[in-house]
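# Coordinate analysis (summary)
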Amino acid sequence: MKILVIGGGAAGILAAIAAKETNPSAQVDLLEKNDKLGKKIFITGKGRGNLTNAADPEDFFANYITNPRFLYSALHEFTNRDIQKLLEAHGCRVKTERGNRVFPVSDHAYSITDALKHALKKLHVNIRYKTEVHRLLFSDGCITGIETSHGREEADAVIVCTGGLAYPSTGSTGDGYRFAREAGIKVTETFPSLVSLDVHEEDAYRLRGLSLKNIGIQICDESGKNYYRDFGELQFMESGLRGPVIISASAIVTKYVNCQDLSNRKILTVHIDLKPALDVHQLDERLLRDFDEFKSKELRNAFSNLLPAQFIPVFLDRLAKKGIDINQRVSEVNRNTRKQAVNLLKDFTYTIQGTGSFKEAIVTQGGVSVKELNPKTMESRSVHGLYFAGEVIDVDGYTGGFNMQMAFSTGYLAGKSAALYQ
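Residues numbered from 1 in each chain as written. Predicted model: local features only at pLDDT ≥ 70, side-chain atom pairs only at ≥ 80, totals over all residues. Heavy atoms only, no water.

### Some details on the sheet that holds strand E5 (residues 94-96)
The three strands are arranged E3-E6-E5 in an open sheet whose pairing can be described as antiparallel. On the outer flanks of this sheet lie strand E3 (52-53) and E5, each paired with one strand and no other. Taken together, the three bridges between E5 and strand E6 (residues 101-104) define a ladder with antiparallel strand orientation. The residue bridging threonine 96 from the neighbouring strand is valine 102, located in E6. (Pairing = 2+ DSSP bridges. Helix = DSSP H or I, 4+ residues; strand = E, 2+ residues; numbered from the N terminus.)

Here is the structure:
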């Protein structure tokens, strides 16, 4: 039996391992178009390798945005504990940090790939570098092989683990979507996810480089419907917003602001609560105390205890646009002016006009439709012997190791299933 795995990332490596473990007599070839395996693994966790999450396996499903139920079999077949055991067995010790994120003890992502390559070598998986697959070959609804730059070759099963479109420099250029379409398999619209948000308001540029910690955000549409709510850290960029709370929010809003069908696009607004620990009444009392301290100064000089220096000029401009005289004496400020200041502190808004590109996105949202795949095997429902795993599938999650675990689990299930394929 010959099994070809296309793509040497997290999903592809696990598919090859599982296939060879399940059927040791099978010929398992892992085809990678780069000159090394796991290029995207190298950049996870900012280079430290956030390989999974240590949460209870049942809690994983709440951390996937798209089609979480599809992953039920895969996440139970190969769990977060299983990947940790596999890596430990091949020399990569792991540790758990804040948010249950799991990293190599070495704090280097290459420790993960070194361990996985050791597992592949021990199992005698044939790794073929710089091998680019041009197309898949079919006959009578069955996979028959592939075509590469070196020619055609037959296979009993093919597992597509080519990734999505995020970080194209790692080799994720959408090949798997083309393979699927050529096989008559539906591919849903793709979007950059876990990415920055571009905003309409130009004053974000003046705040570039500034980080705001312990802020709250809500993302709402024109009707006031809430799409996302979170608390944490936000960072300003030249064209918009980034930071942990924004990255997570992008997974929810990307399809609404980037969709090709303009009739489905929505105008969404980020509402930033600069002082979430204080309600409106408490913040008003705090402002009264500050105003008493600065009563002999102008209003423009009364917010140094509340806001970072870089933020104050932008805040004052927003106040001025509301008709507030920021040059008036603090002692002359009336209740309405104070109310306007409190409201702005509790609701500083930006209008989303798009997201960052696939070049900076952590994952791809969208991909091979899960309706086209058997969730218990990862096999195509229409082309026998053809499997898909990892980011190429229309499943994505939040940061924290969940996307890596999805790749490991679906890859393992696909590899095991392919090895049992008759």
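### A few points about helix H6 (residues 244-258)
Between the first and last C-alpha of H6 there are 20 Å, a value that for 15 residues agrees with the 21 Å anticipated at 1.5 Å per step. Within H6, 11 of the 15 residues are buried, which leaves the element mostly enclosed by the surrounding structure. (Expected span 1.5 Å × (residues − 1). Buried < 20%, exposed > 50% of the residue type's maximum accessible area, 1.4 Å probe, protein only.)

### A closer look at the pairing of strand E14 (residues 211-220)
Successive side chains on a regular strand alternate, one facing one side of the sheet and the next facing the other. Alignment of E14 against strand E15 (residues 226-236), held across eight bridges, turns out to be antiparallel. The residue of E15 that forms the bridge with isoleucine 215 is glycine 232. From the end of E14 to the start of E15, which pair antiparallel, there are five residues, and glycine 224 there has a positive phi angle of about 95°. Examined bridge by bridge, E14 and strand E17 (residues 269-273) share five bridges and lie antiparallel to one another. Of the residues in E17, the one forming a bridge with isoleucine 217 is isoleucine 272.

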